[in-house]
Amino acid sequence: MKKTKIIYFDIQLPNLLSNKNQPFGGAAVEWFVWLNSFVKLKNDAALLTWKGAKDIIKKPTKFEIIESYHSHKGIPKLRLLTYRLPMLFFSIKKYNPHYIVQECANEFTGIFAFIAKLLNKTFVHRIASDMDVDGRIARNFSKRSLSFYYYGLKNANHISCQNEYQYEILKKKFPQKSISILYNAIEIKRSLNKNLEKEYIAWVGNFRYEKNLPALAIIAERLPQYKFKIAGTKFSSSDDDTIIGINMLEKLSNVEFVGHINHDEITDFLSKSYFLLNTSVLEGFPNTFLEAWSAGVPVITTKNVNPDNLINKFNLGIVAENYESLPEIVNEMITLKKYFDFEERCFNYVSENHNPEILAQQFLSDMELCRKN
């Protein structure tokens with residue numbers, strides 16, 4: 001059978017692979033799994049990224065790494081079109097993939113849709129967050145960036161969604177377009193350990209507006225009897241809400257910032273927690289949920305983040321109506337030791353529904369429907 005060649009673009013995945021204290025988003029975690037899974041299925045897969053990425057990646061990868069542009073070269077306001085686009089074009093042309101894939105809403109969505117047209121390749125865009133499809137993203141983007149992103153959506157040969165909410169909105173906008181739903185995958189590397197002592201409430205994420213750090217601070221302040229461990233880092237520039245939240249949290253004696261946790265160590269971190277607490281105002285399909293469930297750890301969140309109602313449907317944690325009710329829910333979960341009731345169910349759910357090779361094969365099947373060559 002002829003191999004499929006896939007090239008995926010990401011500028012943060014090298015940070016994950018380097019195990020350095022550098023922030024990376026959920027898409028990097030997600031695509032590390034996808035790329036490995038495509039290779040396991042006997043396909044060719046490559047990460048397209050910035051020049052110099054190989055220098056910080058210290059371990060071998062199953063997929064190829066293709067460097068393209070230097071991050072700081074080119075005239076700042078013109079570099080995207082006059083420097084980066086040509087460099088990406090020639091890198092892709094040389095690799096000659098069947099599919100060009102990109103995730104996250106930004107100017108590159110339009111760039112790769114355009115390159116795909118020039119090369120007569122199939123462009124696939126993967127949705128990363130609910131706000132990418134329902135208009136909320138507009139508050140973060142310039143008119144130019146928005147126009148590039150919407151051009152990319154309109155001209156994508158296939159759009160892969162993380163949940164039904166994203167799918168329904170996009171199907172209304174593009175009724176004739178090839179669009180599918182595919183949940184994130186996770187590789188489970190060890191069996192469930194039910195003998196670990198629970199020590200703290202875990203929170204994991206990059207420090208930015210969507211993660212709602214002020215809400216986390218209020219919850220921690222109201223529950224001084226419990227230890228909160230916060231794993232994550234902030235980006236070079238932070239929004240006002242995030243700064244306020246960090247300042248509030250730093251004043252609390254029951255809060256510990258543990259900083260960046262290497263991807264290989266996240267299971268150990270979560271395994272010792274009562275549960276994973278999520279305070280986000282929005283998400284797509286959080287990889288942290290899968291990481292928690294694979295460790296037998298339930299999730300406590302609000303109705304803002306409960307993709308396709310999975311937490312309720314499969315009883316994988318607790319979903320609060322609002323932030324105000326979270327302290328009481330958290331206290332009851334720990335006091336009555338309810339977290340033990342979720343261990344096997346969470347682990348079994350992930351094992352049965354988020355198998356990387358099964359979902360990667362489905363991804364390939366979805367893309368095949370609109371393949372150009």
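Above this text is the structure in question.
A. Inspection of the pattern of salt bridges at higher detail. Using the criterion set out here, one finds 17 salt bridges in the structure. We note a salt bridge from R144 to E107, for which the minimum N-O separation is 3.0 Å. Placement of R144 in helix α7 (residues 143-155) and of E107 in helix α5 (residues 107-119) is noted, with a sequence separation of 37 residues between them. Using a relative accessible area of 37% as the deciding quantity, one classes R144 as partly exposed. Judged by relative accessible area, which is 17%, E107 ranks as buried. Note that K211 is salt-bridged to E283, the shortest N-O span being 2.7 Å. Here K211 is found in the loop between β8 (200-204) and α9 (213-222), whereas its partner E283 is found in the loop between β11 (273-277) and α12 (287-294), with 72 residues between them in sequence. E283 sits in the buried class, given a relative accessible area of 12%. Three or more residues are tied together by salt bridges with common partners; here these are K59, K189 and D264.

B. Main features of the sheet that holds β11. Taken in spatial order, the six strands of this open sheet run β10-β9-β8-β11-β12-β13, and their pairing is parallel. Sheet topology places β10 (255-259) and β13 (317-320) at the edges, where each strand pairs with a single neighbour. Ignoring strand direction, the axes of neighbouring strands in this sheet form an average angle of 25 degrees. Against the sheet, α9 touches β8, β9 (228-231), β10 and β11, its axis set at about 160 degrees to β9. Across the face of the sheet, α12 comes into contact with β8, β11 and β12 (299-302) while running at roughly 150 degrees to β12.

The rules behind each value
- Residues numbered from 1 in each chain as written.
- Predicted model: local features only at pLDDT ≥ 70, side-chain atom pairs only at ≥ 80, totals over all residues.
- Heavy atoms only, no water.
- Salt bridge = Lys/Arg side-chain N within 4 Å of Asp/Glu carboxyl O.
- Helix = DSSP H or I, 4+ residues; strand = E, 2+ residues; numbered from the N terminus.
- Buried < 20%, exposed > 50% of the residue type's maximum accessible area, 1.4 Å probe, protein only.
- Pairing = 2+ DSSP bridges.
- Axes fitted to C-alpha atoms, helices over the stretch in contact; angles between N-to-C directions.
- Contact = heavy atoms within 4.5 Å.

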